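Structural overview for review
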Amino acid sequence: MALRGNTQEEQVWNYLCGIINNDYGVAGLMGNLYAESGLNPKNLENLCERRLKEAGRAYCTDTEYTSAVDAGKISREEFLHPLPGKQYGYGLAQWTSAGRKAELYDLVKSKGVSIGDLETQLEFLTRELATSYKGVLSALKTAVSVKSASDKVLTGFERPADQSEAMKNRRAGYGQKYYDKYAASGSGKGENIMGIRIGHASISENGGVNGVKGDQTGKEVCIREWYSKPWDYMAIHPDAGVREKHAAAVEAACKNDNIGYSQYGSDNRNTLYRLAKAVNFDLHKVGKCNCDCSSLQNVAAVASGSGANYGSNGWTTGTMKAALQALGYKIITAAEYLTSSAYCVRGAIYVKAGSHTVCGLDNGAKAGQTLSKAGLSSGGGSASGAGCGKKPIDQVAREVAAGKWGNGADRKKRLEAAGYNYAQVQTAVNKIYKK
């Protein structure tokens, strides 16, 4: 598969997308490759460089070592064991064991390319995944979050000595940066995301700010997993019913392929408001139109009954804070509540001024703390079956599908003890598996 992209990073992303076909899986794998080699196919393990230098070897940098292997100055056996009886990592995935390095070496020589050739190393990497690590590849293709994909690569493929939770979080963080950069519009409509979700208007079909009416890619206005922009603040309406209606309006927009992304021109950001007004703000019924991130949240705020108006051009991320405060929204700026999905509240609006805004679609594990921080009660009910102080049924169903509530009789017991209707939850779980 030929490499595509203007940078080495883009080439790795595009190549792996062609194999894995899942943004979360690609990002999780790339985060681990970055941790191992900095995405440098010529990378020689740092410890090996030091040991070779101490031993007086002539080839002890990435470039020198790679050139020496290519020229035959370093033999096959020496490549497998740079020092007698010692094994060190090399390349994109820091292949270390003699058996795996031998296969990489033989493949490179059969092609007549450099041992540090990026395309050949990617071919070898994906060959390993498809043969010796089928479980890892399957997990990457079906991953529902960057974290789950990254953890699988860490523990099932790279297997470093440090597999602590701190290391898992660090590598998942690297992967999240690639996801945010290359999969900014999310992954599909978000029905099967198991983590905390957000809904937003993201990007046009051509990757810019202007596009034709309607969602051409399924990712222009979409649901995706929660992420930190990082956000400047979170805005929470005091009325739980208003928050629920806002979240429901955003969900409806994300699932309506008639609604696309564009900022300017005749197919601009205000066309959503005009059509939404004509159908009494039932965003399921809206025809072909466009919005951008802030105009979507403005329309949803009108639909929620918050008292919001749209005006001649709607909100922008720069004007939203004053508008939200005037409507009585509680503003949270403490970083602790803005950098973790655990504090997400369904219906909360996250804003990065001059950049982006999204709506939280699920309650995180610490949503009650967020409401307390805002001076609000954690009660108030929910139109989606959350009940007082409970999570929405669809959120619980995704957690059940992810295995977070156990199995069989134990799962039923735990759900009922938490106050959920087991039959309702199971029905929602069945819908997930059907999709």
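Heads up: the structure comes first, above all this text.
Computed from a predicted model, the values in this text were never measured in an experiment.

1. Here we look at the overall build of the protein chain
Secondary structure assignment for the protein chain yields 18 helices and eight strands. For the protein chain, the spread of C-alpha atoms along the principal axes amounts to about 75 × 55 × 40 Å. For the protein chain, the proportion of its 435 residues judged to be buried stands at 51%. On the protein chain, roughly 18300 Å² of surface is accessible, and the fraction owed to carbon and sulfur atoms is 47%. Placing the 55 positive and 42 negative side-chain charges of the protein chain at their respective mean positions leaves the two points 5 Å apart.

2. Things to note about empty space enclosed by the protein
A full pass over the atoms with the stated rule returns one cavity of 30 Å³ or more. Estimates place the volume of the largest cavity at around 40 Å³. Leu52, Arg57, Ala58, Tyr59, Tyr65, Ile74, Glu78 and Pro82 are the residues that line the largest cavity. Tallied by class, the residues present in the lining of the largest cavity amount to six nonpolar, no polar and two charged.

3. Topic: the packing of aromatic side chains
Scanning the entire structure with this criterion turns up 14 aromatic pairs. With 5.6 Å between their ring centres and 75 degrees between their planes, Phe79 and Tyr90 make a pair best called edge-to-face. One end of the pair, Phe79, is in helix α5 (residues 76-80); the other, Tyr90, is in the loop between α5 and α6 (98-111), and 11 residues separate them in sequence. Residue Phe79 is classed as buried on the basis of its relative accessible area of 0%. Under the relative-accessibility criterion, Tyr90 is labelled buried at 1%. These aromatic residues form a ring-pair network of at least three members: Tyr65, Phe79, Tyr90 and Tyr105.

4. Brief notes about the packing of helix α2 (residues 23-37) against helix α9 (residues 146-158)
At a closest axis distance of 7 Å, the pairing of α2 and α9 adopts a crossing angle of 50 degrees. One way to sum up the angle between α2 and α9 is to call them oblique. Between α2 and α9 the crossing geometry is right-handed. Facing Tyr24, Gly25, Ala27, Gly28, Leu29, Asn32, Leu33 and Glu36 of α2, the residues of α9 in contact are Val146, Ala149, Ser150, Val153, Leu154 and Glu158. For the contact of α2 with α9, the residue count by class is eight nonpolar, four polar and two charged.

5. Focus: the pairing of strand β7 (residues 349-352)
Where a strand is regular, its side chains alternate between the two sheet faces. Pairing of strand β3 (residues 233-236) with β7 involves three bridges; the strand directions are antiparallel. Within β7, the position partnered with Ala235 by the bridge is Ile349. Taken together, β7 and the strand that follows it, strand β8 (residues 356-360), pair antiparallel across an intervening segment of three residues, in which Gly354 is found at a positive phi of about 75 degrees.

6. Some points on the packing of helix α1 (residues 8-20) against α2
For the pair α1 and α2, interaxial distance at closest approach is 9 Å and the crossing angle is 135 degrees. The orientation of α1 with respect to α2, classified from their angle, is oblique. Regarding α1 and α2, the two cross each other, and that crossing is right-handed. Residues Glu9, Val12, Trp13, Leu16, Cys17 and Ile20 of α1 pack against Asp23, Gly25, Val26, Ala27, Leu29, Met30 and Leu33 of α2. Partitioned by chemical class, the residues of the contact of α1 with α2 number 10 nonpolar, one polar and two charged.

7. A word on the pairing of strand β2 (residues 221-225)
With five of its five residues buried, β2 lies for the most part within the structure. Two strands pair when backbone bridges link them, and strand β1 (residues 197-201) and β2 are joined in this way by five bridges, in the antiparallel orientation. In the sheet register, His200 faces β2, and the bridge partner there is Cys222.

8. Brief notes about the layout of surface pockets
Taken as a whole, the largest pocket holds about 710 Å³ of empty space. Looking at the largest pocket, it is lined by 31 residues, and the ones nearest its centre are Lys147, Gly195, Ile196, Glu225 and Ser341. Contributions of two or more residues to the lining of the largest pocket are made by α9, α10 (165-182) and α16 (393-401). By residue class, the composition of the lining of the largest pocket is 10 nonpolar, 13 polar and eight charged.

Rules used throughout
- Residues numbered from 1 in each chain as written.
- Predicted model: local features only at pLDDT ≥ 70, side-chain atom pairs only at ≥ 80, totals over all residues.
- Heavy atoms only, no water.
- Helix = DSSP H or I, 4+ residues; strand = E, 2+ residues; numbered from the N terminus.
- Buried < 20%, exposed > 50% of the residue type's maximum accessible area, 1.4 Å probe, protein only.
- Areas by Shrake-Rupley, 256 points an atom, 1.4 Å probe, with all protein chains shown as cover.
- Lys, Arg positive; Asp, Glu negative; His and termini not counted.
- Charge placed at Lys NZ, Arg CZ, Asp CG, Glu CD.
- 1 Å grid on protein atoms, 1.4 Å probe; cavity = no way out; pocket = protein on both sides within 12 Å on 5 of 7 lines; lining within 4 Å.
- Points joined across faces, edges and corners; volume = space filled by probe spheres on them.
- Nonpolar A, V, L, I, M, F, W, Y, C, P; charged D, E, K, R; others polar.
- Phe/Tyr/Trp six-rings, centres within 6.5 Å; stacked < 30°, edge-to-face > 60°.
- Axes fitted to C-alpha atoms, helices over the stretch in contact; angles between N-to-C directions.
- Parallel < 35°, antiparallel > 145°, perpendicular 65-115°, else oblique.
- Left-handed = near helix turned anticlockwise from the far one by under 90°.
- Contact = heavy atoms within 4.5 Å.
- Pairing = 2+ DSSP bridges.

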